[in-house]
Amino acid sequence: MKIGVLGSGIVGKVLATGFLKHGHEVMVGTRTPDKLKEWTGQNPRGRTGSSDAAAQFADLVALAVNGNASADTLRAAGGANLAGKIVIDATNPIADAPPVNGVLRFFTDINESLMERLQREFAEVKFVKAFNSVGNMFMVNPQFKGGKPTMFICGNDEAARKTVTGILDQFGWETSDMGKAEAARAIEPLCMLWCIPGLLRN
Ligand SMILES: NC(=O)c1ccc[n+]([C@@H]2O[C@H](COP(=O)([O-])OP(=O)(O)OC[C@H]3O[C@@H](n4cnc5c(N)ncnc54)[C@H](OP(=O)(O)O)[C@@H]3O)[C@@H](O)[C@H]2O)c1
């Protein structure tokens, strides 16, 4: 597939590298392509461009930007470029405020997820929450003693969830499909949970 990755941070780079590894074509969208010089040096098959160019290029988009910037990034990508496409949403709604005793603060509350907000604004996009609940070092073909790990996903479009399950198969994950977008209210806070040991005990 042609994959547009929106985001030049560690998650954008890890996912983009993973998609290339599995034979997909990739364009990473960013406001500042210069930030990706080292990545393109290491991944000569990878392309970079604006968010708008990456969304136009893509059959499927992966959203990997700061949660606060997610709606702006999708606006820059262009609703018309994204309409009808799957957007894998790896973002978390982490607030700018510092954690409390190792617990991250969110700018959403428990009865509304970030993905539902995005789904409401971009009604023609098929959002699927995935990858947000694991650290970037585990996103692509992780090896655990206990065997294949499980990725929780959700989103309103069943066929889109199936497509993302196929991608997660390639990326070495077993998928647990939690159904419609509201399930993101439970999947997004898994980020709070897995970050606690790191924030408390490094
Ligand atoms: N780090 C992890 O291990 C991990 C794991 C799971 C999920 N996540 C989630 O994945 C997302 C990306 O995380 P990250 O650690 O890679 O990096 P990040 O620092 O959260 O995000 C970097 C990206 O956010 C964009 N961005 C930041 N401020 C912006 C603004 N004001 N307007 C537009 N874009 C802005 C940047 O865009 P430009 O490229 O245009 O500069 C860059 O692409 C986050 O939502 C995070 O919660 C992270």
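The structure this text deals with has already been given above.
Residues numbered from 1 in each chain as written. Predicted model: local features only at pLDDT ≥ 70, side-chain atom pairs only at ≥ 80, totals over all residues. Heavy atoms only, no water.

1. Some words on the sheet that holds strand β1 (residues 2-6)
Then, number 1: Overall, parallel pairing links the six strands, which are arranged β3-β2-β1-β4-β5-β6 in an open sheet. What marks the edges here is a single partner per strand, and that holds for β3 (47-49) and β6 (126-129). Along the sheet, successive strands turn relative to each other by an average axial angle of 25°, direction set aside.
Then, number 2: Where strand β4 (residues 60-63) lies against strand β5 (residues 86-89), four bridges are found, and the strand directions are parallel. Its bridge partner lying in β5, A62 is registered against I88.
Then, number 3: Where helix α6 (residues 114-121) meets the sheet, its contacts fall on β4, β5 and β6, and the angle it forms with β6 comes to roughly 175°. (Pairing = 2+ DSSP bridges. Helix = DSSP H or I, 4+ residues; strand = E, 2+ residues; numbered from the N terminus. Axes fitted to C-alpha atoms, helices over the stretch in contact; angles between N-to-C directions. Contact = heavy atoms within 4.5 Å.)

2. Observations regarding the nonpolar core
Then, number 1: If you look at the biggest cluster of nonpolar residues, it comprises 30 residues, and the most contacted ones within it are V5, L15, F19, V26, I88, F131 and F171.
Then, number 2: Looking at this core, the elements with two or more residues in it are β1, α1 (10-21), β2 (25-29), β4, β5, β7 (150-153) and α7 (158-170).
Then, number 3: The dominant element in this core, judged by the number of residues it contributes, is α1, at five residues.
Then, number 4: With residues near it in sequence (within four places) discarded, V26 still touches I3, V5, A16, F19, L20, W39, R45, G46, R47 and F57.
Then, number 5: If you look at the next biggest cluster of nonpolar residues, it comprises 25 residues, including L6, V65, A71 and F122. (Core = buried A, V, L, I, M, F, W, Y, C linked by side-chain atoms within 4.5 Å. Buried < 20%, exposed > 50% of the residue type's maximum accessible area, 1.4 Å probe, protein only.)

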